[in-house]
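The primary structure of each chain is shown beneath.
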Amino acid sequence: LLKAAIRAKEPERLYFFHGEETFLMHHYLEQLKKILLDELTESFNFHKLNNETFDIRSLADAVENLPMMAESTFVQVDDIDPFKMNEADRTKMAEILSDIPEYCTVVFTYITVPWKPDKRLKKLWEAVDAGSIVEFAKQDQRDLVAWVQRHFAAHQKRIDANLCIYLIDITDGTMTSLSGEIDKICSYSGSDEIRKTDIDAVTEPVLDAVV
């Protein structure tokens, strides 16, 4: 649904992004920014809040702010759990999320704070559930192998599928970690073809892999 909305350039008004695969989460945040904002007016129309800058009034203001010299605004809220707020703020949060203007897209992201909605808080849960809840789970091995090969190819390097599996096994298997390791391996290797010795030279296996 998220992919389709981005392709159609018709994002929904409210998203909740969570899951282990933060690389994909950041990828889709960037995709949303591309279709909602332009470089000239981004500073006026992109509002980012986190635990240092967030309060319920700031969120309300960001959501209500009209677009300046553009058609849309984008509000990103990082690691804020609305279900842990006091009752007055939860009530206000439910009101804000239930009435997001057509020109605004709001995305809550969860990286350091776990995504744990409390469905007993009915009004807030109904407002949250009306949005799109997107989990970025770890990719399965087959998809990851193809992704790893594409990323090596972007560096003009070839890698065997079995070596991809080896690299996935000795890292934590997330795209975030793999992306960094691929960059290191490509910088180290002087050949067009990646070998196991290239991987072993620069990649420190995670503890689970060592065990």
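Everything below is about the structure shown above.
Heads up: these notes are all about the structure in this document. (Residues numbered from 1 in each chain as written. Predicted model: local features only at pLDDT ≥ 70, side-chain atom pairs only at ≥ 80, totals over all residues. Heavy atoms only, no water.)

### Overview of the pattern of salt bridges
And step 1. The tally for this structure, following the rule as stated, stands at 11 salt bridges.
And step 2. Across the salt bridge formed by Arg-13 and Glu-102, the nearest N and O atoms sit 3.9 Å from each other. Taken together, the positions of Arg-13 in the loop between α1 (2-7) and β1 (14-18) and Glu-102 in the loop between α5 (87-98) and β4 (104-109) put the pair 89 residues apart, joining distant regions of the chain.
And step 3. The partly exposed category is assigned to Arg-13, whose relative accessible area is 38%.
And step 4. By relative accessible area, Glu-102 is classed as exposed at 70%.
And step 5. Of the charged contacts, one joins Lys-84 and Asp-81 as a salt bridge, the two residues approaching to 3.9 Å between their closest N and O atoms.
And step 6. Look at Lys-84 and you get exposed, because its relative accessible area is 71%.
And step 7. Residue Asp-81 is classed as buried on the basis of its relative accessible area, which comes to 13%.
And step 8. Ionic contacts of the salt-bridge type, sharing partners, join the residues Arg-57, Asp-61 and Glu-64 into one network. (Salt bridge = Lys/Arg side-chain N within 4 Å of Asp/Glu carboxyl O. Helix = DSSP H or I, 4+ residues; strand = E, 2+ residues; numbered from the N terminus. Buried < 20%, exposed > 50% of the residue type's maximum accessible area, 1.4 Å probe, protein only.)

### Quick word on the nonpolar core
And step 1. Membership of the largest hydrophobic core comes to 35 residues, with the highest contact counts inside it found for Phe-17 and Phe-152.
And step 2. Elements with a contribution of two residues or more to this core: α1, β1, α2 (22-36), α7 (141-154), α8 (161-170) and α9 (175-188).
And step 3. Looking at this core element by element, the count peaks at 6 residues for α2.
And step 4. In contact with Phe-152, other than residues within four places in its own chain, are Lys-157, Ile-159, Leu-167, Ile-182, Ile-185, Cys-186 and Ile-194. (Core = buried A, V, L, I, M, F, W, Y, C linked by side-chain atoms within 4.5 Å. Contact = heavy atoms within 4.5 Å.)

### Focus on the pairing of strand β3 (residues 73-78)
And step 1. Burial within β3 is extensive, with 6 of its 6 residues counted as buried.
And step 2. Taking every second residue as pointing to the same face, both faces of β3 are buried, with Thr-73, Val-75 and Val-77 on one and Phe-74, Gln-76 and Asp-78 on the other.
And step 3. In terms of strand pairing, strand β2 (residues 46-49) meets β3 through 4 bridges, oriented parallel. Looking at the pairing, Leu-49 lines up with Val-77 of β3.
And step 4. Handedness of the β2-helix α4 (residues 56-64)-β3 crossover: right-handed.
And step 5. Both β3 and β4 contribute to a ladder of 6 bridges, which runs parallel. Considered in β4, the bridge of Phe-74 is made with Thr-105.
And step 6. Chirality of the crossover, the property in question, places the unit of β3, α5 and β4 among those that are right-handed. (Pairing = 2+ DSSP bridges. Right-handed = clockwise from strand over helix to strand, strands pointing away.)

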